[in-house]
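# Summary of structural features
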Amino acid sequence: MSADHLPEHPDFLWRNPDPKKSYDAVIVGGGGHGLATAYFLAKNHGMTNIAILEKGWLAGGNMARNTTIIRSNYLWDESAAIYEHALKLWEILPEELEYDFLFSQRGVMNLAHTLGDVRESIRRVGANRLNGVDAEWLDPQQVKELCPILNTSDNIRYPVMGATYQPRAGIAKHDHVAWAFARKCDELGVDIIQNCEVTGFIKDGDKVTGVKTSRGTINTEKVGLCAAGHSSVLAEMAGFRLPIQSHPLQALVSELHEPVHPTVVMSNHVHVYVSQAHKGELVMGAGVDSYNGYGQRGSFHVIEEQMAAAVELFPIFARAHVLRTWGGIVDTTLDASPIVGVTPVENMFVNCGWGTGGFKGTPAAGLTFAHTIATGAPHELNKPFALERFETGALIDEHGAAAVAH
Amino acid sequence: MLLISCPNCGPRDETEFHYGGQAHIAYPENPNDLSDREWAEYLFYRENTKGTFAERWVHSTGCRQWFNMLRDTVSYDIHAIYAMGQPRPDYPADQASAPGLAPGAATPASSATTPTSSEGV
């Protein structure tokens, strides 16, 4: 087929402008969090003379690589508040952004395989309910009714002893989420500048006044960092440190299958999480590779372990073929909670440390980070997630407490 | 999967090892004198180098000894393996000294700090 016969390109959802000489604010990182931040800066704070700088292509980092799970069943009050706020935003965003990104509230099940799991799960259900997060405890029979393909018999190494269930949780089409935000940002006047790598910062004393990029120098009043796995690299350029370690996190999909999996199943103990994408692929992820890495790939034994766990829980997956595996670089903190707030550099703000769970937090990260950038002070929801908590000791320890390790 | 040359046991699969995070973090000499900021630096702040990184590993299912490694965090190439307590070798300036130690040359592990692997548990 010659090019003459190709269909017309669909309408572009955003412009591709050249960077201006100066902006009121610059967001570094054109992933979900950067886009959401720019959207809320423009919508809630009237800051429309702003730019998003993306070193690659829009939403091509972790936004393109995550397993799209959205839930808010976190144990601690601070986490439940911010993730539940995110979930409430997910529920209204398709209408607000005028874009159906296929948010499917098919529920998320977190399996319990040991007595310790059972106790922790029931405690978390109670904590969730007190925080207004929908949560139920399911016995193995109820688990089987909700997800018939799960092996709930006693003949596996770690039998399913029950599960927590959040009915309002689910999945969304990650690319469409990015496009929905990008289109609205563009409409509001935000410049989305791709292929524009930040190479340094211009400072006047302790205050940031500009950004050096591969497409020239840009003066700006304020800088917001939304660079996930590369946050430490940017912070070093700016002259401060972050308590972040970057790790590869891998995921995989199978070939397309008929709908067989009605919900999302996560298991902390055997460590795998599985959903079935709208198109039909089984989507699976697990834990990070142990070592620090920026290579956007990990070791095969990590994939092998998560597939072994998946096949034990879902015997019918044994004949499914892996279509592809990939890795992204996640920014982990020592308490497995994000950092959203001010930095030691004046007028520079950071949103990072979302680790393996950043996708679900996208709307709340954007909302609170935009508030912080616009006003210079934290939103009530991100106040506990300040960088200073590592000095005060007010950690929000979601290791394990967050229903699944991350 | 990394192939790691344990100084005591020779080349083994990565699955036999555990990661210990950044190397050369000494326990503070006078912990009581530290400010909150300095204590936070010691506990929570580690280099997150993109490039050649000095880190610790332990051969958990082999000799159970700790050792240090210089590894590239982008290519994942291992540049040098050296004993706990030895200074970080030059790389790439002095590659001749980079190869792993002869078996038996490693000193017993006396890691003063807690491993900082941030893998979920």
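It should be noted that the structure appears before, not after, this text.
Parameters and conventions
Going along each chain's sequence as written, the residues are numbered from 1 onward. As a convention, the first chain written is A and the first ligand written is 1, with the rest following in written order. Since the coordinates come from a predicted model, pLDDT governs what is reported: local features require at least 70, and pairs of side-chain atoms require 80 or more to be given and counted, while whole-chain, interface and lining totals use all residues. Each side-chain value is derived from all of the structure's non-hydrogen atoms; neither hydrogens nor water enter the calculation. The helix and strand labels rest on DSSP assignments: H or I over at least four residues marks a helix, E over at least two residues marks a strand, and numbering proceeds from the N terminus. Whether a residue is buried, partly exposed or exposed follows from its accessible area with a 1.4 Å probe, protein chains only, as a fraction of its type maximum: under 20%, in between, or over 50%, in that order. Here, residues are in contact when the closest pair of their heavy atoms is within 4.5 Å. Computed with the Shrake-Rupley method and a 1.4 Å probe, the accessible areas treat only the protein chains shown as cover for residues. Axis definition: a line fitted to C-alpha atoms, limited for helices to the stretch in contact. Angles are taken between N-to-C directions and run from 0 to 180 degrees. Should the near helix be turned anticlockwise from the far one by less than a right angle, the crossing is termed left-handed; should it be turned clockwise, right-handed. Residue classes follow a fixed rule: Ala, Val, Leu, Ile, Met, Phe, Trp, Tyr, Cys and Pro count as nonpolar, while Asp, Glu, Lys and Arg count as charged, and any other residue, Gly among them, counts as polar. For this analysis, a nonpolar core means a set of buried residues of the types Ala, Val, Leu, Ile, Met, Phe, Trp, Tyr and Cys, connected via side-chain atoms within 4.5 Å. Here the term patch refers to residues with relative accessible area over 30% and no salt bridge, with like charges joined within 9 Å and nonpolar side chains (Val, Leu, Ile, Met, Phe, Trp, Tyr) within 5 Å. Put simply, a salt bridge is a Lys or Arg side-chain nitrogen that is within 4 Å of an Asp or Glu carboxyl oxygen. Strand pairing is assigned whenever DSSP identifies at least 2 bridges connecting the two strands. The buried area of a pairing is the accessible area, by a 1.4 Å probe, that goes missing from both parts when the two are put together, added over both.

### Description of the overall build of chain B
Within chain B, the secondary structure is distributed over one helix and six strands. Shown N-terminal to C-terminal, the secondary structure of chain B runs as helices and strands in the order β-β-β-α-β-β-β. Among the 121 residues that make up chain B, the fraction classed as buried is 40%. Expressed as a percentage of contacts within chain B between residues at least 6 apart in sequence, the contacts between residues at least 24 apart total 50%. A total of about 6100 Å² of accessible surface is found on chain B, and carbon and sulfur atoms cover 49% of it.

### A look at the packing of helix α1 (residues 32–45) of chain A against helix α5 (residues 174–188) of chain A
All names here are of chain A. One can describe the packing of α1 onto α5 by two numbers: an axis separation of 9 Å at closest approach and a directional angle of 35°. The two elements α1 and α5 cross, and the hand of that crossing is left-handed. Residues Leu35, Ala36, Ala38, Tyr39, Ala42 and Lys43 of α1 lie in contact with α5, whose contacting residues are Ala178, Phe181, Ala182, Lys184, Cys185 and Leu188. For the contact of α1 with α5, the class distribution of residues is 10 nonpolar, no polar and two charged.

### Some details on the nonpolar core
Residue and element names in this part refer to chain A. Ranked by internal contacts, the top residues of the largest apolar core, which has 52 residues, are Leu35, Leu58, Trp90, Phe101, Val177, Phe181 and Ile192. Of all the secondary-structure elements, those providing two or more residues to this core are β1 (22–28), α1, β2 (50–53), α2 (77–96), α5 and α8 (358–375). In this structure, Trp90 is in contact with Ile70, Phe101, Phe103, Val177, Phe359, Lys360, Thr362 and Pro363, ignoring residues within four places of it in sequence. By size, the runner-up hydrophobic cluster in this structure holds 31 residues, among which are Ile193, Leu234, Ile244 and Phe390.

### Focus on the environment of Ala163 of chain A
Residues and elements named next belong to chain A. With respect to the secondary-structure elements, Ala163 resides in strand β6 (residues 162–166). For Ala163, a relative accessible area of 0% translates into the label buried. Put simply, Ala163 and Leu138 are 25 residues apart on the chain and 5.2 Å apart in space, counted from C-alpha to C-alpha. Apart from residues no more than four positions distant in its own chain, Ala163 is found in contact with Met109, Asn110, Leu111, Ala112, Glu136, Trp137, Leu138 and Val143.

### Re a nonpolar patch on the surface
Taken together, the side chains of Tyr27, Trp39 and Leu43 of chain B define a hydrophobic patch exposed on the protein surface, amounting to about 270 Å² of accessible area. Tracing the sequence through the fold places Trp39 of chain B in helix α1 (residues 36–44).

### Quick notes on the sheet that holds strand β6 (residues 78–82) of chain B
Hydrogen bonds between backbone groups are what pair the strands of a sheet, and the pairing can be parallel or antiparallel. Residue and element names in this part refer to chain B. Pairing is antiparallel in the open sheet, where four strands are placed in the order β3-β4-β5-β6. Looking along the sheet, the strands with just one partner apiece sit at the ends: β3 (18–22) and β6. For this sheet, the mean inter-axis angle between neighbouring strands, taken without regard to orientation, is 30°. Here strand β5 (residues 66–72) pairs with β6 via four bridges, running antiparallel.

### Some points on the pattern of salt bridges
Residue and element names in this part refer to chain A. Across all of its chains, the model carries 19 salt bridges over all chains by this definition. Ionic pairing is found between Lys43 and Glu96, a salt bridge with its closest N-O pair at 3.3 Å. Of this pair, Lys43 sits in helix α1 while Glu96 is found in helix α2, placing the two residues 53 residues apart along the sequence. Residue Glu96 is classed as partly exposed on the basis of its relative accessible area of 26%. One salt bridge in this structure joins Lys184 and Glu187, with 3.1 Å as the shortest N-O distance. Here Glu187 and Lys184 lie together in helix α5, a separation of three residues that amounts to about one turn. Under the relative-accessibility criterion, Lys184 is labelled buried at 10%. Overlapping salt bridges, with partners in common, bring together Glu84, Lys88, Glu91, Asp134 and Arg168 in one network.

### Remarks on the interface of chain A and chain B
You'll often see interface size given as the accessible area lost when the parts meet. Taken together, the contact pairs 36 residues of chain A with 28 residues of chain B. Buried area between chain A and chain B, both sides added, is near 2900 Å², and the carbon and sulfur share of it is 51%. By the criterion of area lost to chain B, the three top residues of chain A are Arg241, Tyr291 and Glu391 of chain A, representing 24% of everything that side buries. One salt bridge in this structure joins Arg37 of chain B and Glu391 of chain A, with 2.8 Å as the shortest N-O distance.

### A look at the pairing of β6 of chain A
Residue and element names in this part refer to chain A. The buried count for β6 comes to five of five residues, which makes it a mostly enclosed element. The two faces of β6 match: Gly162, Thr164 and Gln166 on one face and Ala163 and Tyr165 on the other face are all buried. Bridge analysis of strand β4 (residues 108–112) against β6 gives five bridges, and the strand direction is antiparallel. Each bridged residue has a counterpart across the sheet, and for Met109 the counterpart in β6 is Tyr165. With three bridges joining them, strand β5 (residues 136–138) and β6 adopt antiparallel strand pairing. Note on β6: the bridge partner recorded for Leu138 is Ala163.

### Describing the sheet that holds strand β14 (residues 272–276) of chain A
All names here are of chain A. Sheet architecture is open: eight strands sit in the order β5-β6-β4-β13-β14-β15-β12-β16, paired in mixed fashion. Two strands in the sheet have a free side with no partner beyond their single neighbour: β5 and β16 (322–332). Adjacent strand axes in the sheet meet at a mean angle of 20°, parallel and antiparallel pairs treated alike. Relative to strand β13 (residues 264–267), β4 runs parallel, the two being bridged by four bridges. Along β13, the bridge assignment pairs Leu111 with Ser267. Lying over the sheet, helix α3 (residues 115–130) contacts β4, β5 and β6, oriented at roughly 155° with respect to β5. The sheet strands contacting helix α7 (residues 300–313) are β4, β12 (245–256), β13, β14, β15 (281–288) and β16, and the helix crosses β12 at an angle near 45°.

### Considering unusual backbone geometry
Here Leu102 of chain A, not a glycine, exhibits a phi torsion of approximately 55°, which is positive. Here Leu102 of chain A shows up in the loop between α2 and β4. A residue is classified by how much of its surface remains accessible, and Leu102 of chain A, at 31% relative accessible area, is partly exposed. Despite not being glycine, His24 of chain B shows a phi value in the positive range, around 65°. Considering the arrangement of structural elements, one finds His24 of chain B in the loop between β3 and α1.

Read these as geometric descriptors, not functional statements.
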